Amino acid sequence: MIPHVRLTLGPAELEAVAKVLKSGYLAPGLVGETLERGIARLSNQKSGVAVSSGTAALHVALLALGVKAGDEVIIPAYSCQALLNAVLYVGARPVVVDIDLSTFNIDPQEVQKNITKKTKAIIVPHMFGLMADIVAIKRFSIPIIEDCALSIGAKFKGQPAGSFGVVAIFSFYATKTITGGEGGMVVSSVEAIVDQARDVREYDKKKNFIIRYNYKLSDVNAAIALAQLKQLPSFVTKRQAIAKKYTKALAGTNFILPTVPVDYHHTFSRYIIRTPQAEQLRTYLKDHGVGTGRGVVLGIHELIKTKASLPKSKQALREAVSLPIYPTLTASEQQKIITLLINFKS
Ligand SMILES: Cc1ncc(COP(=O)(O)O)c(C=O)c1O
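Conventions and cut-offs
Residues numbered from 1 in each chain as written. Predicted model: local features only at pLDDT ≥ 70, side-chain atom pairs only at ≥ 80, totals over all residues. Heavy atoms only, no water. UniProt positions renumbered as here; feature names shortened; annotations may be inferred. Helix = DSSP H or I, 4+ residues; strand = E, 2+ residues; numbered from the N terminus. Buried < 20%, exposed > 50% of the residue type's maximum accessible area, 1.4 Å probe, protein only. Contact = heavy atoms within 4.5 Å. Pairing = 2+ DSSP bridges. Near = heavy atom within 4 Å. Polar contact = N/O pair within 3.5 Å; in protein donor to acceptor, adjacent residues only side chain to side chain. Areas by Shrake-Rupley, 256 points an atom, 1.4 Å probe, with all protein chains shown as cover.

A. Expanded view of the UniProt feature "active site" (unreviewed entry) in the protein chain. Annotation from UniProt places "active site" (unreviewed entry) at K176. Relative to the helices and strands, K176 is located in the loop between β10 (167–171) and β11 (184–188). Residue classification places K176 among the buried positions, given a relative accessible area of 18%. When sequence neighbours within four positions are dropped, the list of residues in contact with K176 reads A149, L150 and S171.

B. View of the pairing of strand β7 (residues 144–147). Residues I144 and E146 of β7 are buried on one face, and the alternating residues I145 and D147, pointing to the opposite face, are buried as well. Both strand β6 (residues 119–125) and β7 contribute to a ladder of 4 bridges, which runs parallel. Pairing of I122 across the sheet is with I144, part of β7. Pairing of β7 with β10, which is carried by 3 bridges, proceeds in the parallel orientation. Paired with D147 across the bridge in β10 is I169.

C. Local environment of the site of the ligand. Residues in contact with the ligand amount to 13 residues; listed here are only the nearest, G54, T55, D147, S171 and K176. One nitrogen or oxygen atom from the main chain of G54 is found 2.8 Å from an oxygen atom belonging to the ligand. One of the side-chain nitrogen or oxygen atoms of T55 is found 2.5 Å away from an oxygen atom of the ligand. Protein coverage of the free-state accessible area of the ligand, which is 390 Å², stands at 87%. Mapped by element, the contributors of at least two residues to the shell around the ligand are α3 (54–64) and α4 (81–89). When residues in the shell around the ligand are grouped by element, the largest group, 3 residues, is from α3.

Following this line, the structure appears as structure tokens:
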């Protein structure tokens, strides 16, 4: 079976974990701090705060922006349920908007239509390795939480994902471009946001009482993520080469292939094709030993009530098929996938 996702783990990760274990200090420490500096540097932000997951990072970012009950937060319908959860954790109202089907990213025009006096933040996920049109969304002058969970290393006009929002988050979950098993990061250059994020991620040894969380990241997870971060450029180069090969080989088929708009550096954390026969294609590939994903499994509008019509998100949910793409995918594995796709009778 060629799995949909396969991790790239080796001696560097083993050595990094062994070092932490031998130190006898597994709590958040120096390794996590090095990871914080590394991710902050990568995203051109002053500071990073390591947390236990991308979801925790979103929650902490919303708290640090002061989002609370009665506020509205705009999120795309076609995105991870983590966004919805985080908005609900702080008691705010999620306002669900549609995407641009050609990029799977939140549509700035839909964002604009849904801004009200109550809008306190917009969560902008950069989907599957391609940055959203963050410059257009910045013009609305509403605080943006850039969600880089799926797009670490992506760029627009040379500027990295995570450098545009007042705050940005990352995830190091097991299926992400770089992983710590679990883990997340909040980055910002606004001291008050960083201080608040640092404060609420742990409850111990505080002088006053406010509700705080246990969102700390163990140095074991941080060590894996840090070892992976050092390999990010080579991981991305390999993903881009695999994507290029898919795009070239599938150009003559009926599948709608991902495109890379001018000025964008796509990291291909996922390679998503579209077809009206998505379910048949996924079954066919599975029957021939190839695992696939769906990109997003359930839209946010399928989880909560909304009056929004969201035609593009719904189409993406119906048509997306995520193909295997990872640094350890061999040329012969990819060739098998390509041959199967070309022979698929639609
Ligand atoms: C866009 C996006 N944001 C946030 C998250 C949440 O990250 P985590 O699983 O680390 O909580 C995910 C997870 O897949 C995601 O895809």
